[in-house]
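Now for the letters of each chain:
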Protein chains: 2
Amino acid sequence: MVLLVHSNLLPQCRKIRVLMAEKKMLFVLKEENPWALSKDILKINPAGELPIFIFDGNILAGNYAITEFLEETYSQNKLIVGNNKERAEVRRLTDWFDNKFNREVYQYIAGEKIYKRFVLKLPPESRRIKAGINNLRFHMEYIDWLTERSNYLAGAEFSMADISAAAQISIIDYLGDIPWEDYKNAKLWYSKIKSRPSFKEILNDRIKGVYPSKHYTDLDF
Amino acid sequence: MVLLVHSNLLPQCRKIRVLMAEKKMLFVLKEENPWALSKDILKINPAGELPIFIFDGNILAGNYAITEFLEETYSQNKLIVGNNKERAEVRRLTDWFDNKFNREVYQYIAGEKIYKRFVLKLPPESRRIKAGINNLRFHMEYIDWLTERSNYLAGAEFSMADISAAAQISIIDYLGDIPWEDYKNAKLWYSKIKSRPSFKEILNDRIKGVYPSKHYTDLDF
């Protein structure tokens, strides 16, 4: 059996779910509160982080290790595509969204609207939300620029870069903070991603206590 | 020609230098100020981050993309070693040091002692340095625990995990903040890493305006 311990509030968990769905793997999900992990989970991943991938008694932890392991082991539907140089481009952009976008956008916006509100029980700080939305503009411009040139972020083919980007964006879009009207190419790209069967489950997720933005599940928005 | 645009203040650049030296690659280094990148550099890497790897007119940016590219392309002296599961363990630990250690230790300690002091020209905040040193204890205990069980972090063989960890630690050690006497196994492990020819150049680096700790270059400390 394949089990993924995850939280739907974390983009890195959404990323692995979409990756596994793209590879047509069968798996069971176990939802954890990322800010209050159970002792069992801390024992199997001392980093105290999600996602954790469990199969046949083996435990793999962390988004980077799981991604590359799945790519090496489940060779159907490769997501790190192309020759070595093209693969480096896929990984450059994957890293961009997993880390740079996460740090500059997700940590600010979701940090305030979800973590601050539901975990710390404090009112969100609008100054920090605004900083995140400001940073978001730079990232949206970059996505728009890339998708004006190609069908997908790393080139003509759908890849891990698209999954990583969409995993981050889906949460910000749930919260209603993406100014889609200013980014036509990015919007078209995201509507293609949303139409993929692998993305369906993500769109069905609901964050307790927060309604999704009106267009969140619309494939044509 | 192979060129690496780097800064010796950034652990992710030290990591790639050691990786290239382990692979016995010949390369030229170009030092950049990571907090005031030149326009040319921003043009070739819109993320505005180092390191950048340039060869035959090709440009690869970012630590993750460069690491995997070098591992795929320069196949002598593999650093992501073993079968798929062992490789996942190497990558889990690589990720741990590249990201978790960096966020919880480097950003606090080097952030205050180097960035705050030399870039912002402000006095370092001792509260933040203390937080970093507190976090460092947890990481040192983990390294000590791992190296009590095996020769190297991810098992019997030297790997990318050791390079990533040593790249982070070398800067904190330069600043004199590692309490080695409390971590005998970790100390023995780090003295093995320091003895490797690939690490020699790192130990010769000097940070302008900051003297290294007394034992910084000692192989037996």
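All values derive from a computational prediction rather than experimental measurement.

S.K.: Any details on the overall build of chain A? Residues and values, ideally.
M.R.: What chain A contains, in helices and strands, is 8 helices and 4 strands. Shown N-terminal to C-terminal, the secondary structure of chain A runs as helices and strands in the order β-α-β-α-β-β-α-α-α-α-α-α. A compact globule built from 221 residues would reach a C-alpha radius of gyration of about 17 Å, and chain A, at 17 Å, matches this within 12%. Within chain A, contacts between residues at least 6 apart in sequence are counted, and of these 69% link residues at least 24 apart. With an accessible surface of roughly 9900 Å², chain A has 52% of that area assigned to carbon and sulfur atoms.

S.K.: Account for helix α5 (residues 126-149) of chain A, with residues named and values stated.
M.R.: Residues and elements named next belong to chain A. Counted at 1.5 Å a residue, the expected span for α5 with its 24 residues is 34 Å, and the 35 Å between its end C-alpha atoms agrees. Taken as a whole, α5 has its buried residues at Ile129, Gly132, Leu136, His139, Met140, Tyr142, Ile143, Asp144, Leu146 and Thr147. Along its buried surface, α5 packs onto α4 (84-119), α6 (160-174) and α7 (184-194).

S.K.: Lay out the interface of chain B and chain A with the relevant residues and their values.
M.R.: Listed per partner, the contact involves 31 residues of chain B and 31 residues of chain A. Taking both partners together, chain B and chain A bury about 2500 Å²; carbon and sulfur atoms supply 55% of that area. The largest per-residue losses of area from chain B upon contact with chain A belong to Tyr64, Glu72 and Arg91 of chain B, which jointly make up 26% of the total buried on that side. Its salt-bridge partner being Arg91 of chain B, residue Glu68 of chain A comes within 3.9 Å of it at the nearest N-O pair. Counting every contact that joins chain B to chain A gives 14 residue pairs in polar contact (both at pLDDT 80 or more). Residue assignment for the side of chain B that touches chain A shows that the elements contributing at least two residues are β4 (58-61), α3 (63-73), α4 (84-119) and α5 (126-149) of chain B. The leading source of residues in the side of chain B that touches chain A is α4 of chain B, at 12 residues.

S.K.: Any chance you could break down the packing of helix α1 (residues 11-22) of chain B against α3 of chain B for me, citing the residues and the numbers?
M.R.: When two helices pack together, their arrangement is given by the angle between the helix axes and by the axis-to-axis distance. All names here are of chain B. Look at α1 against α3: their axes get within 10 Å of each other, and the N-to-C directions meet at 5°. Looking at the two axes, α1 sits roughly parallel to α3. Contacts between α1 and α3 involve Gln12, Lys15, Ile16, Leu19 and Met20 from the first element and Asn63, Ile66, Thr67 and Leu70 from the second. For the contact of α1 with α3, a count of residues per class yields 5 nonpolar, 3 polar and 1 charged.

S.K.: Break down the sheet that holds strand β1 (residues 2-6) of chain A for me, with residues and values.
M.R.: Across a sheet, strands are paired by hydrogen bonds formed along the backbone, either parallel or antiparallel in direction. Residue and element names in this part refer to chain A. On the basis of which strands lie adjacent, the open sheet formed by 4 strands has the order β2-β1-β3-β4 and mixed pairing. What marks the edges here is a single partner per strand, and that holds for β2 (28-31) and β4 (58-61). Going from strand to strand, the sheet's axes swing by 20° on average, the running direction of each strand aside.

S.K.: Got a sec to walk through the pattern of salt bridges? Specific residues and values, please.
M.R.: A full pass over the atoms with the stated rule returns 42 salt bridges over all chains. For Glu72 of chain B, the salt bridge goes to Arg87 of chain A, with nearest N and O atoms at 2.5 Å. Of this pair, Glu72 of chain B sits in helix α3 while Arg87 of chain A sits in helix α4, each in a different chain. For Arg87 of chain A, a relative accessible area of 18% gives the class buried. In this structure, Glu201 of chain B engages Arg17 of chain B in a salt bridge whose closest nitrogen and oxygen atoms are separated by 3.2 Å. Of this pair, Glu201 of chain B sits in helix α8 (residues 200-204) while Arg17 of chain B sits in helix α1; the two residues are 184 residues apart in sequence, bridging distant segments of the chain. Judged by relative accessible area, which is 4%, Arg17 of chain B ranks as buried.

S.K.: Residues and numbers for the pairing of strand β1 (residues 2-6) of chain B, please.
M.R.: Residues and elements named next belong to chain B. Most of β1 sits inside the fold, with 5 of its 5 residues counted as buried. Along β1, one buried face is formed by Val2, Leu4 and His6 and the opposite face, lined by Leu3 and Val5, is buried too. Here β1 pairs with strand β3 (residues 52-55) via 4 bridges, running antiparallel. When the bridges of β3 are listed, Leu4 appears paired with Phe53.

S.K.: Outline the relation of the copies chain B and chain A, supporting the account with residue identities and numerical values.
M.R.: Expressed as a screw operation, the relation of chain B to chain A combines 0.0 Å of axial shift with a rotation of 180°, fitting to an RMSD of 0.0 Å. What we have between these two chains is a two-fold relation. Of all interface residues in chain B, 100% are interface residues in chain A too; the two copies therefore contact each other through one and the same surface.

S.K.: Please provide a residue-by-residue account of the pairing of strand β3 (residues 52-55) of chain A, values included.
M.R.: Residue and element names in this part refer to chain A. Both faces of β3 are covered, namely the face carrying Ile52 and Ile54 and the face carrying Phe53 and Phe55. Where β3 meets β4, 4 bridges bridge the pair, whose relative direction is antiparallel. Looking at the pairing, Phe53 lines up with Leu60 of β4. Hairpin connection between β3 and β4: a loop of 2 residues separates the two successive antiparallel strands, and Asp56 in this loop has a positive phi of roughly 45°.

S.K.: Which residues make up the nonpolar core, and what are the values?
M.R.: Grouped together as the largest cluster of nonpolar side chains are 146 residues, with contacts concentrated most on Phe53, Leu70 and Trp189 of chain A together with Phe53, Leu70 and Trp189 of chain B. Ignoring sequence-local partners within four residues, the contact set of Trp189 of chain A consists of Ile143, Thr147, Asn151, Tyr152, Leu153, Asp162, Ala165, Ala166 and Ile169 of chain A.

S.K.: So, the sheet that holds β3 of chain B: which residues are in play, and what are the values?
M.R.: All names here are of chain B. Strand order in the open sheet formed by 4 strands is β2-β1-β3-β4, and the pairing between neighbours is mixed. Unpaired on one side and paired on the other, β2 (28-31) and β4 mark the two borders of the sheet. Across the sheet, the axes of successive neighbouring strands diverge by a mean angle of 20°, strand direction being ignored.

S.K.: I'd like to hear about the side chain of Asp144 of chain B, residue by residue, with values.
M.R.: Residues and elements named next belong to chain B. Its location among the elements puts Asp144 in helix α5. Buried within the structure, Asp144 lacks any salt-bridge partner; its nearest side chain of opposite charge belongs to Arg149, at an N-O separation of 8.0 Å. Of note is the side chain of Asp144, whose polar atom sits 3.0 Å from the backbone nitrogen of Asn185.

S.K.: Outline the environment of Thr217 of chain A, supporting the account with residue identities and numerical values.
M.R.: All names here are of chain A. Checked against the element boundaries, Thr217 lands in the segment after α8 (200-204). Between the alpha carbons of Thr217 and Asp205 there is a distance of 10.0 Å; along the sequence they are 12 residues apart. Setting aside its immediate chain neighbours within four residues, Thr217 contacts Lys194, Leu203 and Arg206.

Quick notes on the rules
- Residues numbered from 1 in each chain as written.
- Chains lettered and ligands numbered in written order.
- Predicted model: local features only at pLDDT ≥ 70, side-chain atom pairs only at ≥ 80, totals over all residues.
- Heavy atoms only, no water.
- Helix = DSSP H or I, 4+ residues; strand = E, 2+ residues; numbered from the N terminus.
- Rg over C-alpha atoms; globule rule 2.2 N^0.38 Å.
- Contact = heavy atoms within 4.5 Å.
- Areas by Shrake-Rupley, 256 points an atom, 1.4 Å probe, with all protein chains shown as cover.
- Expected span 1.5 Å × (residues − 1).
- Buried < 20%, exposed > 50% of the residue type's maximum accessible area, 1.4 Å probe, protein only.
- Buried area = accessible area lost by both parts, 1.4 Å probe.
- Salt bridge = Lys/Arg side-chain N within 4 Å of Asp/Glu carboxyl O.
- Polar contact = N/O pair within 3.5 Å; in protein donor to acceptor, adjacent residues only side chain to side chain.
- Axes fitted to C-alpha atoms, helices over the stretch in contact; angles between N-to-C directions.
- Parallel < 35°, antiparallel > 145°, perpendicular 65-115°, else oblique.
- Nonpolar A, V, L, I, M, F, W, Y, C, P; charged D, E, K, R; others polar.
- Pairing = 2+ DSSP bridges.
- Least-squares fit on C-alpha atoms with pLDDT ≥ 70 in both.
- Core = buried A, V, L, I, M, F, W, Y, C linked by side-chain atoms within 4.5 Å.
- Lys, Arg positive; Asp, Glu negative; His and termini not counted.

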